[in-house]
Amino acid sequence: MITVSVANQKGGEGKTTTSLNLAVGLARRGKRTLLVDMDPQANSTGIFVNPETTKGNLYHIFNNKTKMKDIIVPIYNNSLSLAPSSMALAEMEAMSNNAVDAPYILRDALQSVEKDFDFCIIDCPPSLSIFTINSLVASNFVIIPLQAEKFSVDGIVGLQQTISSIKKRINPNLEILGALITQLKPQTLLTKTILPVLGKYFRIFENSISDGVAVGESHLAKKSVYDYNKSSRQAQEYEGFVEEVLSELQK
Ligand SMILES: Nc1ncnc2c1ncn2[C@@H]1O[C@H](COP(=O)(O)OP(=O)(O)OP(=O)(O)O)[C@@H](O)[C@H]1O
Ligand SMILES: [Mg+2]
């Protein structure tokens, strides 16, 4: 199982959109994929199930009440499964900070299902909390979605430091796969101004995702962007991104 965190501590950069469309994109290609919703906002959970009525969720993993296989729900074509979140998970943030094994809870839980999936995609919360740390500790790769318009060097440096200290201290295998530009508006002077700066920090995916109504509408319809409107520009861009991720991972 290859595990990929979709992380950025800034809010609204496209983590959930990217996680769910990457996970569904992999599943549509026949890859056995697990989508892990590590955000107590439960946005990616809410696309597929009602977060308040699941038989178990990551809260129960973090308070040590159950096993990963007991919370996983099959959701899509037998290829995609979900480890749901719930608002209750937020309570575990403060509690688990004190425990010695706090950063390793997700990694340990995922080890028990490693044989069942080809890919695990983790939707991280908008913070560098213990949940993001758990995700990075459990991952082989990180994808960083970011909005070109709201690009800030400060935010990038904080995330980069967190990733490098986890790599140094706990998870030497962790690699940044790349940054995905999301919500790109046509008038953005991306090539002239932002890309050269950003390129000093991360590899940037060749595919980027433009700003368009299909994304918001697909969330409202509780669907992936392909199932909502597969001829939309954003569906095609996410298809290109999924292909790019697969070819990078198979290198
Ligand atoms: N390509 C896009 N075009 C238009 N709107 C988009 C696009 N991608 C994301 N959005 C919208 O931007 C908002 C934030 O996206 P998303 O929820 O994926 O970000 P996030 O990083 O997961 O946010 P949070 O930090 O709150 O978890 C949503 O309302 C979503 O519909
Ligand atoms: Mg989100």
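In what follows, the structure referred to is the one given above.
Asks: So what's going on with the overall build of the protein chain? Residues and values would help.
Replies: When its secondary structure is counted, the protein chain shows 12 helices and seven strands. For the protein chain, whose C-alpha radius of gyration is 17 Å, the value lies close to the compact-globule estimate of 18 Å for 251 residues. Along the longest, intermediate and shortest principal axes, the C-alpha atoms of the protein chain span 50 × 40 × 35 Å. By residue count, 47% of the 251 residues in the protein chain fall in the buried class.

Asks: For the pairing of strand E7 (residues 175–182), give the residues involved together with the corresponding values.
Replies: Regular strands place side chains that alternate from one sheet face to the opposite one. Pairing geometry for strand E6 (residues 141–147) and E7, over seven bridges, is parallel. Paired with isoleucine 144 across the two strands is alanine 179, which belongs to E7. With helix H8 (residues 153–169) bridging E6 and the parallel E7, this β-α-β connection has right-handed handedness.

Asks: Kindly report on the sheet that holds strand E5 (residues 119–123), identifying the contributing residues and their values.
Replies: The strand order E3-E4-E2-E5-E1-E6-E7 describes an open sheet built from seven strands, whose pairing is mixed. Since the sheet does not close on itself, it has two edges, and those belong to strand E3 (73–76) and E7, each with one partner. Averaged over neighbouring strand pairs, the angle between their axes works out to 25° when direction is ignored. Relative to E5, strand E2 (residues 33–37) runs parallel, the two being bridged by five bridges. By the bridge assignment, valine 36 is partnered in E5 with isoleucine 122.

Asks: Kindly report on the site of ligand 1, identifying the contributing residues and their values.
Replies: Of all residues adjacent to ligand 1, which total 20 residues, the nearest are Gly11, Lys15, Thr16, Thr17 and Pro126. Where the shell around ligand 1 is concerned, the elements lending two or more residues are helix H1 (15–28) and helix H10 (213–220). Looking at the shell around ligand 1 residue by residue, the classes come out as three nonpolar, 13 polar and four charged.

Asks: Give a detailed account of unusual backbone geometry, specifying residues and quantitative values.
Replies: Across the chain, the bulk of peptide bonds are trans and the bulk of non-glycine residues have phi less than zero. Unlike most non-glycine residues, asparagine 64 shows phi in positive territory, near 65°. Among the secondary structure elements, asparagine 64 is positioned in the loop between helix H3 (58–62) and helix H4 (68–71). In this structure asparagine 64 comes out as exposed when scored by C-beta crowding, with 12 C-beta atoms within 10 Å. Backbone geometry places glutamine 183, a non-glycine residue, at a positive phi of 55°. Mapped onto the secondary structure, glutamine 183 falls in the loop between E7 and helix H9 (190–198).

Asks: Just give me the short version of the packing of H1 against helix H12 (residues 233–249), but keep the residues and values in it.
Replies: Relative orientation of the contacting elements H1 and H12 amounts to 70°, with a least axis distance of 9 Å. Accordingly, the angle class assigned to the pair H1 and H12 is roughly perpendicular. On H12, the residues touching Asn21, Leu22, Gly25 and Leu26 of H1 are Tyr238, Glu239, Val242 and Val245. For the contact of H1 with H12, the residue count by class is five nonpolar, two polar and one charged.

Asks: Just give me the short version of the nonpolar core, but keep the residues and values in it.
Replies: Judged by nonpolar contacts, the single largest core of 71 residues is most densely connected at Ala23 and Ile121. Apart from residues no more than four positions distant in its own chain, isoleucine 121 is found in contact with Val4, Val6, Ser19, Leu22, Ala23, Thr33 and Leu35.

Asks: Break down the pairing of E3 for me, with residues and values.
Replies: Here three bridges tie E3 to strand E4 (residues 80–83), and the two strands are oriented antiparallel to one another. Counted as the bridge partner of tyrosine 76 is leucine 80 from E4. Taking the residues that link successive antiparallel strands as the turn, the E3-E4 hairpin has three residues, and the phi of asparagine 77 there is positive, at about 50°.

Asks: Report on H1, specifying residues and quantitative values.
Replies: An α-helical turn contains 3.6 residues, so any two residues separated by three or four positions project in the same direction. The end-to-end C-alpha distance of H1 is 20 Å, a good match for the 20 Å that 14 residues give at a rise of 1.5 Å each. Summarising burial for H1: 13 of the 14 residues are buried, a large majority. One or two residues past the end of H1 sits glycine 30, with phi positive at roughly 85°.

Asks: Give a description of H10 that names residues and reports values.
Replies: Of the positions making up H10, those classed as buried are Ala214, Val215 and Ser218. The buried residues of H10 occupy an angular sector of 100° when the element is viewed end-on, so they sit on one face. Among the exposed residues of H10, those pointing more than 90 degrees away from its buried face are Val213, Gly216 and Leu220. Residue lysine 222 follows H10 closely and has a positive phi angle near 55°.

What counts and what doesn't
Residues numbered from 1 in each chain as written. Chains lettered and ligands numbered in written order. Predicted model: local features only at pLDDT ≥ 70, side-chain atom pairs only at ≥ 80, totals over all residues. Helix = DSSP H or I, 4+ residues; strand = E, 2+ residues; numbered from the N terminus. Rg over C-alpha atoms; globule rule 2.2 N^0.38 Å. Buried ≥ 20, exposed ≤ 12 C-beta atoms within 10 Å, placed from the backbone. Pairing = 2+ DSSP bridges. Right-handed = clockwise from strand over helix to strand, strands pointing away. Axes fitted to C-alpha atoms, helices over the stretch in contact; angles between N-to-C directions. Near = placed C-beta within 6 Å. Nonpolar A, V, L, I, M, F, W, Y, C, P; charged D, E, K, R; others polar. Parallel < 35°, antiparallel > 145°, perpendicular 65-115°, else oblique. Contact = placed C-beta atoms within 7 Å. Core = buried A, V, L, I, M, F, W, Y, C linked by C-beta atoms within 7 Å. Expected span 1.5 Å × (residues − 1). Arc of directions from axis to C-beta.

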